[in-house]
Amino acid sequence: MPIIVIASFLLMALSDALKMRGRDKAGKGLFAAGFLLLAAGMILSAMTGNRFHVSPPLRALLITLAALGAWGEYSSLFGALPVKETYIGTDPAQKLVDSGLYAMCRHPGAIFFPLMSVCAALGLGSVSLLINGLLASLLNLLYVVFQDQVVFPSTIPGYNSYRQRVPFLFPTAHSIARALGKTTDKQDDV
């Protein structure tokens with residue numbers, strides 16, 4: 001099943017390449033296909049393969065952490081961003097979101113995805129989900145680096161300025177204060 005995970009990220013990267021060439025509708029379609037393929041691959045991984053024993057108290061803790069990661073992932077991708085414009089609409093210009101989770105760091109989903117997938121794998125005692133969760137987390141990190149350095153500066157107006165204000169992946173005290181709506185005079189080291 002690692003091939004499914006790899007194929008999903010290739011589709012998502014191809015979607016960004018199409019968006020950069022002005023083929024926004026096709027790009028959004030490929031992103032949706034890659035996202036759905038990744039979800040299907042992760043679910044299939046959880047349902048198949050070898051298992052290992054996890055004590056019930058540890059299982060409960062890990063599943064709770066996985067649920068927290070799933071909430072964060074959902075909030076990052078579908079709660080904080082305008083869904084229609086980001087994933088469905090035909091308008092090629094994406095609007096910059098720099099509040100809430102996106103004031104904390106530029107790619108909050110890349111923090112929540114490993115928490116969700118790895119904790120779910122450990123909580124379920126699934127070897128195949130653990131392998132695919134770790135692989136997907138690594139590929140996601142590479143993907144957000146590609147988006148941050150290449151795609152978003154050319155597709156989201158104001159992104160270069162945003163990169164100067166908000167840390168890439170790891171929130172700072174000041175970025176967390178901004179995310180919570182508290183002002184700060186200091187600039188983050190990004």
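Each value, and the rule that gives it
- Residues numbered from 1 in each chain as written.
- Predicted model: local features only at pLDDT ≥ 70, side-chain atom pairs only at ≥ 80, totals over all residues.
- Heavy atoms only, no water.
- Helix = DSSP H or I, 4+ residues; strand = E, 2+ residues; numbered from the N terminus.
- Rg over C-alpha atoms; globule rule 2.2 N^0.38 Å.
- Buried < 20%, exposed > 50% of the residue type's maximum accessible area, 1.4 Å probe, protein only.
- Contact = heavy atoms within 4.5 Å.
- Areas by Shrake-Rupley, 256 points an atom, 1.4 Å probe, with all protein chains shown as cover.
- Lys, Arg positive; Asp, Glu negative; His and termini not counted.
- Charge placed at Lys NZ, Arg CZ, Asp CG, Glu CD.
- pLDDT = per-residue confidence, 0-100.
- Phe/Tyr/Trp six-rings, centres within 6.5 Å; stacked < 30°, edge-to-face > 60°.

Novice: Could you clarify how one ought to interpret the overall build of the protein chain in this entry?
Specialist: Along its length, the protein chain carries 9 helices and 0 strands. Walking the protein chain from its N terminus toward its C terminus, one meets helices and strands in the order α-α-α-α-α-α-α-α-α. Relative to the globule expectation of 16 Å for 190 residues, the C-alpha radius of gyration of the protein chain, 17 Å, shows essentially globular dimensions. Here the protein chain holds 190 residues, and the buried ones make up 41% of them. Considering only contacts within the protein chain whose residues lie at least 6 apart along the sequence, 73% involve residues at least 24 apart. A total of about 10000 Å² of accessible surface is found on the protein chain, and carbon and sulfur atoms cover 70% of it. Counting 15 positive and 10 negative side-chain charges, the protein chain places the centres of these two groups 6 Å from one another.

Novice: Could you clarify how one ought to interpret the confidence of the model for the protein chain in this entry?
Specialist: Residues shown with low pLDDT carry predicted positions that ought not to be read at fine detail. Overall, the predicted model of the protein chain reaches an average pLDDT of 90, with 93% of residues at or above 70. Here residues 184–190 is a poorly scored stretch, pLDDT under 50, and it has 17 contacts once near neighbours within four places are set aside; other chains count.

Novice: How do you make sense of the packing of aromatic side chains when you look at a structure like this?
Specialist: Aromatic rings considered in pairs are described by the distance between their centres and by the relative angle of their planes. Applying the stated rule across the entire model yields 9 aromatic pairs. Judged by centre distance (5.7 Å) and plane angle (80°), the ring pair of phenylalanine 35 and phenylalanine 78 falls under edge-to-face. Of the two residues, phenylalanine 35 sits in helix H2 (residues 24–47) while phenylalanine 78 sits in helix H3 (residues 56–79), which places them 43 residues apart along the sequence. Taking the relative accessible area as the measure of exposure, phenylalanine 35 reaches 28% and is therefore partly exposed. Here the aromatic rings of tyrosine 159 and tyrosine 162 are separated by 5.4 Å at their centres, their planes lie at 55°, and the arrangement is tilted. Taken together, the residues tyrosine 159 and tyrosine 162, both in helix H8 (residues 159–165) and 3 residues apart, mark about one turn of the helix. The exposure class assigned to tyrosine 159 is buried, which follows from its relative accessible area of 3%. Judged by relative accessible area, which is 1%, tyrosine 162 ranks as buried.

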